[in-house]
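# Fold and geometry: a report
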Amino acid sequence: MEKYTFPGDFVWGSATASYQVEGAIREGGRGESIWDTFARKPGAVYAGENGDVACDHYHRYAEDIALMAEIGLKSYRFSIAWPRIIPDGTGKVNPEGIAFYRKLCEELRKYNIAACATLYHWDLPQPLEDAGGWADRSILSAFETYAKVCFQELGDMVDTWITINEPYCIAYHGYLRGFHAPGHRDTNKALAAVHHLNMAHGIAVREYRKLGLQAPIGITWNLVTPRPATASAADAKAVTYAMAFDTDVFTLPCLGRGYPELVTKDLQYSFPVKDGDFEAIAQPIDFIGINYYAESPVAADDSAPHKFTYKPSWHEVTAMGWPIVPGGLERQLIWLADLTKGAFGKAEIPIYITENGCAYNDEVSADGKVHDRKRIEYLQQHLAVCANVIQKGIPLKGYYVWSLLDNFEWSYGYTKRFGIIHVDYKTQKRTPKDSAYFLRDVIAGFAEW
């Protein structure tokens, strides 16, 4: 048994996203989102399931926050639903939506739990998608207005801000591969979405600074940092192509380095860049969030669209089929710390793991408990990495488990359970899993396994 130590100011949190947990899609003045529309498209989501009710967090947030306090969590990462704040995406602001998030933050304060708010976690107002969505530049003025409203109305209650969650998934799953809302399969739209998401991030940070707010603000990326399938030079080159298309197009512009030439010259893809765009994107940020779940090997493949293909792995997998590779988290953290060293004139940029977790087919046992031993093992392996990289000097400042609750898992519907709290979707009964109690011990300082 090994004892793991974490700094006293290390942030322990859990994360959710609005469409995945809130429900109440027709209450409180909320408008229609692209996920409302997409979930009703035949075959888009498993069994035609949707987020209409989800975990009913909209009504049960006080109960959920009390459970966070029991676990000892110090921060709650939630996302603000754009359709609740500005139902049509532009135009009239909805005071009921603002009131909901203020109540949520007030409840968190009762327990001294910090509020970490994400501006955009995928639920775009449908009218904006009708106008072209993230593939159309007109979305930037709408996002700027939305961000300013959130900052002005909630800035006194939010302790940490995240601009965009996983632009990779928004652009590529939503506009290139089509299995997330809005369901497009169009390379040009996807590349335009990449650029406009980068722009939206920079614009939000710029407007935030203008308001003089002091809470930290950053972005969350799900970085693709694969390993080569073999020791060949060709597979090593394949890794660079994978990272260029899947990671560098997001990280490098935000760090003031523009788009990678492997994408713009070798792959001959173009982004709709206008004068001043790169300056707008590269706003100084206070931290970087990463969402890590798995790492995969890649091999060279000149017949593939981006000159690489993913290869099978020997690792045990979760219910998502994702290989469990804690070493990949260590490699990614070390790589990211090196990439960002000196950015924005800072010696180092703080890093937070804003999502990490796993799905398993959890059931309530006859004793009324959920014995999710596999999840505990997953968390043990990844938290050991966290403790070790901190000892190596990596500026890792916090960890948010995904997720607080079992919830709507996008195109998988309710078939994949990521929560440390079990949700009975018929009754909405919450049952903390054994993993919640394991995490409670870690937070309390009994981190040994």
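See the structure above.
Read on for an overview of the structure. (Residues numbered from 1 in each chain as written. Predicted model: local features only at pLDDT ≥ 70, side-chain atom pairs only at ≥ 80, totals over all residues. Heavy atoms only, no water.)

## Section: the overall build of the chain
Selection rule: Numbering of helices and strands starts at the N terminus; helices are DSSP runs of H or I of at least 4 residues and strands are runs of E of at least 2. With the radius of gyration taken over C-alpha atoms, the globule rule is written as 2.2 Å times the number of residues to the power 0.38. Each residue gets one of three labels from its accessible area relative to the maximum for its type: buried under 20%, exposed over 50%, partly exposed in between, using a 1.4 Å probe on protein chains only. For this analysis, residues touch if any pair of their heavy atoms sits within 4.5 Å. For the accessible areas, the method is Shrake-Rupley and the probe is 1.4 Å, while residue cover comes only from the protein chains on display. Under the counting rule used here, the positive set is Lys and Arg, the negative set is Asp and Glu, and His together with the chain ends is not counted. Charge coordinates come from a single atom per side chain, which is NZ of Lys, CZ of Arg, CG of Asp or CD of Glu.
Check the secondary structure of the chain and you find 15 helices and 13 strands. For 449 residues, the compact-globule estimate of 2.2 N^0.38 gives 22 Å, and the C-alpha radius of gyration of the chain, at 21 Å, lies within 12% of that figure. With respect to the principal axes defined by its C-alpha atoms, the chain has extents near 60 × 55 × 45 Å. Expressed as a percentage of the 449 residues in the chain, the buried residues total 62%. Considering only contacts in the chain between residues 6 or more positions apart, those separated by 24 or more positions represent 77%. In the form shown here, the chain has an accessible surface area of approximately 17,000 Å², with 50% of it arising from carbon and sulfur atoms. In the chain, 45 positive and 55 negative side-chain charges are present, and the distance between their average locations comes to 1 Å.

## With respect to the side chain of R84
Keep this limit in mind: Each polar contact in these results corresponds to two N or O atoms within 3.5 Å; when the atoms are within protein, one needs to be able to donate a hydrogen and the other to accept it, and residues that are neighboring in sequence are counted only if both atoms are side-chain atoms.
Inspection of the secondary structure assignment puts R84 in helix α4 (residues 82-85). One polar contact links R84 to E22, side chain to side chain, over a distance of 2.7 Å. Beyond its immediate chain neighbours, meaning those up to four positions away, R84 contacts E22, G23, A24, I25, E27, R30, Y58, N94, G97 and Y101.

## Some remarks on the nonpolar core
Formally: Residues belong to one nonpolar core when they are buried, are Ala, Val, Leu, Ile, Met, Phe, Trp, Tyr or Cys, and are joined through side-chain atoms within 4.5 Å.
Counting residues in hydrophobic clusters, the biggest one holds 163 residues, and the most contacted among them are F6, W82, W134 and W161. The contact partners of F6, leaving out residues within four places of it in the chain, are W12, L383, C386, A387, I390, V442 and A447.

## Comments concerning empty space enclosed by the protein
Basically, it comes down to this: A pocket, in this scheme, is an open set of points on a 1 Å grid over the protein atoms alone with protein on both sides within 12 Å along at least 5 of 7 lines, while a cavity is a set where a 1.4 Å probe fits but cannot get out; residues line either one if an atom lies within 4 Å of a point. Grid points are joined across faces, edges and corners, and a volume is the space filled by probe spheres set on the points. By the convention adopted, Pro, Cys, Tyr, Trp, Phe, Met, Ile, Leu, Val and Ala count as nonpolar, Lys, Arg, Asp and Glu as charged, and the other residues, Gly among them, as polar.
If you walk through the whole model with that rule in mind, you get three cavities of 30 Å³ or more. In this structure, the largest cavity spans a volume of roughly 50 Å³. As for the largest cavity, its lining consists of I34, W35, Y120, W122, W134, C169, I170, G174, Y175, H180, A181 and P182. If you list the elements that add at least two residues to the lining of the largest cavity, you get α2 (34-39) and α8 (167-175). Top element by residues in the lining of the largest cavity is α8. It accounts for four residues. Split into classes, the residues belonging to the lining of the largest cavity amount to 10 nonpolar, two polar and no charged. Considered as a void within the structure, the second largest cavity measures approximately 40 Å³ in volume. Together, S18, Y19, E22, G23, I25, R30, G51, A81, R84 and D123 line the second largest cavity.

## A look at the pattern of salt bridges
Basically, it comes down to this: Definition used for salt bridges: Asp or Glu carboxyl oxygen within 4 Å of a side-chain nitrogen of Lys or Arg.
Scanning the model with the defined rule gives 26 salt bridges in all. In this structure, the salt-bridge partner of E207 is K210, at a minimum N-O distance of 3.2 Å. Taken together, the positions of E207 and K210, both in helix α9 (residues 187-211) and three residues apart, correspond to about one turn of that helix. Each member of the salt-bridge network shares a partner with another, and the members are D362, D372, R375, D406, R417 and K433.

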